Amino acid sequence: MEDIGPPADGSSADDVEALDLCDHCGQAVPETDLLSALVPDSSALHPTDPNLDGKRVIIACSVDHLAELVAYYRHRVFVPEEQWAGRVCRALTDCDGPVPLGTVARLSGLSVRQAEQGVEWHNARAREWQARYGGRAATDGDDDE
């Protein structure tokens, strides 16, 4: 990104009110007015800290919207295999080529069985996607194209 200097009108970034979006309605709200909660979510992966996996910070513009979001996540099923799949994917981000399952488990901080179940969960979603939208699934193992 190119730095083009301060705004011509003399204002600075300190003069700009920070905004964020309500996770329920998408309304832009000043950060000082936002409400937040921490909810369980098996699809949530922290980019750097595995101890924060499975926890999602939700933000809302009002108590009513926060309550609706909390209720949604309270009733959303927490699927451990979904989280394990994400941890496996995160662990393999910098790997090229096949990686033995034991190595995948070690890199992801999972047991071998958890890593295997995460891979199976991911592959099942890929097959569902292929069945719905067509095309070749990346996980079918055929290399004769």
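Just above sits the structure.
Residues numbered from 1 in each chain as written. Predicted model: local features only at pLDDT ≥ 70, side-chain atom pairs only at ≥ 80, totals over all residues. Heavy atoms only, no water.

## Here's the deal with the pattern of salt bridges
If you walk through the whole model with that rule in mind, you get seven salt bridges. For Asp53, the salt bridge is made with Arg87, and the minimal N-O distance between the two is 3.4 Å. Note that Asp53 is positioned in the loop between β3 (35–40) and β4 (55–60) and Arg87 in helix α2 (residues 80–91), a separation of 34 residues in sequence. By relative accessible area, Asp53 is classed as buried at 7%. By relative accessible area, which is 15% here, Arg87 ends up buried. Across the pair Glu128 and Arg125 runs a salt bridge whose closest N-O atoms are separated by 3.0 Å. With Glu128 and Arg125 both in helix α4 (residues 112–133) and three residues apart, the pair spans about one turn of that helix. By relative accessible area, which is 46% here, Glu128 ends up partly exposed. (Salt bridge = Lys/Arg side-chain N within 4 Å of Asp/Glu carboxyl O. Helix = DSSP H or I, 4+ residues; strand = E, 2+ residues; numbered from the N terminus. Buried < 20%, exposed > 50% of the residue type's maximum accessible area, 1.4 Å probe, protein only.)

## Details of the nonpolar core
Core analysis: the biggest nonpolar cluster contains nine residues, these being Cys22, Ala37, Val39, Ile58, Ala60, Leu66, Leu69, Val70 and Tyr73. When contributions to this core are tallied by element, the ones reaching two or more residues are β3, β4 and α1 (63–75). For this core, the element with the most residues is α1, which contributes four residues. Residues within four places of Ala60 in sequence aside, it is in contact with Cys22, Leu34, Leu35, His65, Leu66 and Leu69. One finds Trp84, Val104, Leu110 and Ala115 within the second-largest nonpolar core, a separate group that totals six residues. (Core = buried A, V, L, I, M, F, W, Y, C linked by side-chain atoms within 4.5 Å. Contact = heavy atoms within 4.5 Å.)

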